[in-house]
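Structure assessment
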Amino acid sequence: MRLAEGGTHIDRSRPLSFTFDGRAYQGFAGDTLASALLANDVRVVARSFKFHRPRGVFGVGLEEPSALVTIVRGPDREPNLRATEVQLSDGLVACSQNAWPSVRFDLAAINGWLAPLLPAGFYHKTFKWPRWSWYEGAIRRTAGLGRIAGTADATRESKRFHHCDVLVIGAGAAGRAAAEAAAQRGADVTLVDSGRIATLPNVRALPNTTAIGCYEDRLVAAIERIGDRQRLWKIRAAEIVFATGATERPLVFENNDRPGVMLASAVGAYLERYAVVPGRNVAFFTNNDSVYPIAEALRSRDVVVSTIVDTRRDDAVLDSRRVDCDVLAVSGGFNPNLQLFSQAAGKLRYDEKLAAFIPGEAPPGLRCVGAAAGEIDGGVAPRWRSPGNPRKQWVDLQYDVTVADVELAAREGFSSVEHLKRYTSVGMAPDQGKTSDVNALALLGEITGRAIGDVGTTTFRPPYHPVTIAALAGARTGSLAQRYRRLPVAWHEKNGGVMEDHSGWLRAAFYRRDGESEAQAIAREVRAARFGAALFDSSSLGKIEVFGRDAAEFLNRLYVNNVKTLAPGRLRYGMMLGENGVIKDDGVFGCLAPDHYLVCTSSSGARDVAFWMEEWRQCEWRELDVRIVPQTAQWATLTVSGPKSREIVARLGVDIDLSAQAFPHMHVRSGSVALKGDPQVRVRRASYTGEMSFEIDIAAEHADLLWSRLLELGAAENITPLGMEALDVLRVEKGFLEVGVDTDGETTPLDVGWGEAIAKKPEDFLGRRSLSRPAQQRADRLQLVGLQPEDPQLFLPVGVHAVDDAGAPIGHVTSSCVSPTLNRSVAMARIRGGAKRSGEVIAIDIDGTRHRARICDRAFYDPQGARLNG
Amino acid sequence: MAELDAKRLLTGTVSTLQDLVGWRPPSEPNTSAHTPDGLCLWLRPDQWLLFGGIAVRHRGSTAVLDVSSRWTTFTVALDALAAGCSLDLRERAFAVGRCAQTRIEQVPVIVHRRSADQFDVLVERPLAHYFGLWLEAVGK
Amino acid sequence: MKRIDCPWCGPRAENEFTWGGEAHIVRPGLSCGDGQWRDYLFTRSNPRGAHQERWCHTYGCAQWFHVARDTLTHRIERVYAIDEGPVDATG
């Protein structure tokens, strides 16, 4: 019912229309959906979670446990909103949830009859024969909250970071006073509140913003409501003042969940803020003084107050009198809102007078003020339950947890408060126990004969109040969800490149041409690399420059290879290990000058290797004169590979002698190229394909131009862009391993045939000592070998196991292809003792069928490497 | 995308670099200086960024490297920066002319304050596209 | 989200840093016994309380430094340079 006058929050000059469950109603600007529904005498707005009991509006703010609604916006719907938090707007479409066919007549109310079968933890006890899954679907459908539409949210609010000296949470009287005082002593103050904030000078106000979490070192997460969207704020403060107030708790008695039973302070707030009275005849049930001023206020507006039942006086009367009313306003006392304080490691202690938890020891930089600090007038005579059926006395309204459930938990030995919570789910609903927590633990204390202070509270964790995933995601959805690194050449995507994620880089898997399948495209690219010329963008290759008098010494300690014997202008393929002897990364390194080296890493290893190098340089080897500069992003790397590669590169106009004698395989040269600006290039003759290759490093800004130029210059030779799939085939044909594919967290260089090479190096290097451990020396370790299936066209899927006669696994396939060059299937595998089993035929298990394959050398194609040395 | 402004990376000590380039880079952490060869930003105790194109060379472990393609520079307003940067951006904590390396939505960046409301944000080229998308999204 | 005081950059969010494990562990030479090498790789003091460890300001100045942190309270007692030796626990 709406009174003719009054209401501090409403603007009667702006009437609004809205619908609830299809019926049209009127309200005013400033109303919440709850106040507008109460103004229109809508008593049943929801059905409870488990038992589908009819429910009405219970509270007035964040604490609302019962009035959960769904707001419909076109094809979109947002479920599980508290009607007390939904700001009324013109044309708002709201509906009830968890009820069918309607909230007034819900078939699932039959669950209430089944209550004896649905106690706490029922899924461990009932509905078990013959099988839980028979019942699960039906039970899940009847229990619950709202439904989502399945549409994508159209708009996003990006988050905000914010710093201040003093953060005051709560803009009530105590919060405002604290903010004002702090501002006056010159502090940078920010004040947040879930509702409105009247301006304060020199204070940054964040209204409609609910603090939801306190994290280490005074970081506070808060959610700002902007229309129907949410924005996440991350606020770092030097000091936090908790002016978070207190929430009224209800009394627990039989049928205390009926529509019309409300928190007394909510009845008072509806009267003052919205000029709304939830009924025409209000009774009060209380154990403290707070209700009397509210009763007075109602009487002064000519509302009938039929009776005030005060547990401190009228104990005997509870059983024997009948009182007619349509609203029963209850007050069991007030709980200071200390969830956030507690998350920030504030300690709580139980206060007998208030029968509530108040702040105890506060960590530095935190304090509580006002009602949150326990500054609440008057005492409370606690009463945690009433006579009558315990199954009909609700402790947690939102999850339908009753006194009977708490008694059951205690009987079954779940007597710690944390067990009580998990067993009964009390306090675990979206309202996070705001009106149920203390009632539940106090009741548990009473049942188990313990002081409430000894029972304690459960651990409070963020979020204090529900937050949408959209708010947490902020702007990072859609094309922003995945952070990809992009190659410097833009040509790929526009010319048939099928782009895929390779270690966080977007790279072409292959280049699709009209009328060809993926397999045909890959085979075409492989043939071009083997017999003509291929072009690929390997710019993601890690490139780290190392300078200094001790550069060679430094690298010599990192690589298993001998670095000091590398002359300027030469390259060497190297391996780095972790200290446990496991292969960390491989790549080519080069000497540019005695005090200048270039380290190339795998694309995925670039950051890790640079980090590893700096760690040793800064922490352990400070005596070395060496500096490391990763330059992966500065240099694009375009590689021309194939028997025709040299003649094509020669047409570029680089001032480098490219002849075989002057520039052999595994050498590096620098010069400039005849492009606009005469940019510098560094050219490496190193090969990942097994064909003669020229890896050209050029400043990334010239990459597009160089790519196009090479395509033009190589047109006569049919130069072909090469994708990742073809690259993989080419390297498998050569038996070149890929770290992380053919190696794992246990593979040492001894397992891939590097034992002899390492023995030649006298000095220590990282991981060396691990290689002499007995376990690393065993002959039956998984060792990398080649495999050729007896059926030459049988593809061996990566990961399939090799098995012995008894069917026990003896290894697995790590890389595999049906080679277009060799016209047969080849693979690499890690096989127990494989190094000494060359020639042996073993069984490969593919989906239960055994196939025979011969162990052989990994270098299937051009094993002598003659094609590299052109 | 803005033009590429950062031209050279200097690595070495303040004194060895003074020998090599003729002036002393700023020694105070996270500050910038206007040198004879352009604006210079402190990145690490032994590394600086120079917005000017001097000769690429090295002497032992002291080096001047070409990084003219390495970063893309974005001009970002304070509000947009606050949408992704966890640094304290109040002027008393991050004065005009100061710089910092940090992360914005998991993208490593170099931030330099040009004015009360304007920042240069340098992003390495491979992530510049992603950063540009993000900037557009928070600008709305 | 902890704040860590980088000796160069000042207080920054912990997600700018990389933890580097226990500090002041001496790397044995090649001739050490298996047990000694095993301890170097895997055995850590894992105390309940005062812990000395290494951190790197990876997304800032990329410098390594030492931190004395209480593993129970997470409180950082002291930040000190990478070339400083172990702090006396009773000091």
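Residues numbered from 1 in each chain as written. Chains lettered and ligands numbered in written order. Predicted model: local features only at pLDDT ≥ 70, side-chain atom pairs only at ≥ 80, totals over all residues.

For the rest of this paragraph, the subject is the overall build of chain B. Secondary structure assignment for chain B yields 3 helices and 10 strands. Along the chain direction, N to C, the helices and strands of chain B fall in the order β-α-β-β-β-β-β-β-α-β-β-β-α. In terms of C-alpha radius of gyration, chain B reaches 15 Å, essentially the compact-globule figure of 14 Å for 140 residues. Projected onto the principal axes, the alpha-carbon positions of chain B cover approximately 50 × 30 × 25 Å. The 140 residues of chain B split such that 49% are buried. Considering only intrachain contacts with a sequence separation of at least 6, the fraction spanning at least 24 residues in chain B is 55%. (Helix = DSSP H or I, 4+ residues; strand = E, 2+ residues; numbered from the N terminus. Rg over C-alpha atoms; globule rule 2.2 N^0.38 Å. Buried ≥ 20, exposed ≤ 12 C-beta atoms within 10 Å, placed from the backbone. Contact = placed C-beta atoms within 7 Å.)

Of regular secondary structure, chain C possesses 1 helix and 6 strands. In terms of overall dimensions, chain C has a C-alpha envelope of 40 × 30 × 20 Å along the principal axes. Counting only residues that meet the buried cut, chain C has 25% of its 91 residues in that class. Sequence separation of at least 24 residues holds for 46% of the intrachain contacts in chain C that already meet a minimum separation of 6.

The next point concerns the nonpolar core. Formed by 158 residues in total, the largest nonpolar core has its most connected members in Val546(A), Leu555(A) and Val123(B). The leading source of residues in this core is helix H3 (residues 125–139) of chain B, at 8 residues. Apart from the residues within four sequence positions on either side, Leu555(A) is in contact with Val546(A), Val563(A), Phe589(A) and Tyr597(A). The next biggest cluster of nonpolar side chains, apart from the first, holds 137 residues, and it includes Val103(A), Leu206(A), Val291(A) and Val455(A). (Core = buried A, V, L, I, M, F, W, Y, C linked by C-beta atoms within 7 Å.)

Counting from both sides, the interface comprises 33 residues of chain B and, opposite them, 31 residues of chain A. Among the secondary structure elements, those contributing two or more residues to the side of chain B that touches chain A are strand S1 (8–11), strand S6 (62–66) and H3 of chain B. The element contributing the most residues to the side of chain B that touches chain A is H3(B), with 9 residues. Classifying every residue of the side of chain B that touches chain A by side-chain character gives 16 nonpolar, 9 polar and 8 charged. (Nonpolar A, V, L, I, M, F, W, Y, C, P; charged D, E, K, R; others polar.)

Residues and elements named next belong to chain A. Burial in helix H9 (residues 403–411) covers these residues: Val-403, Asp-405, Val-406, Ala-409 and Ala-410. Burial along H9 is one-sided: seen end-on, the buried residues are contained in an arc of 160 degrees. Contacts from the buried residues of H9 go to strand S23 (394–396), strand S24 (401–402), helix H10 (417–424) and helix H11 (437–448). In the segment just after H9, Gly-413 is the residue with positive phi, at about 95 degrees. (Arc of directions from axis to C-beta.)

Bringing the domain arrangement of chain B into the picture now. When the parts of a complex come together, some accessible area is lost, and that lost area is often used as the size of the interface. Residues and elements named next belong to chain B. Each assigned domain of chain B is listed with its residue range as follows: domain 1 (8–66) and domain 2 (71–139). Here domain 1 and domain 2 have C-alpha centroids that lie 22 Å from each other. Opposite the 7 residues of domain 1 that make contact, domain 2 presents 7 residues. Among the residues making up the side of domain 1 that touches domain 2, the classes are represented as 4 nonpolar, 3 polar and no charged. (Domains from an automatic or database assignment.)

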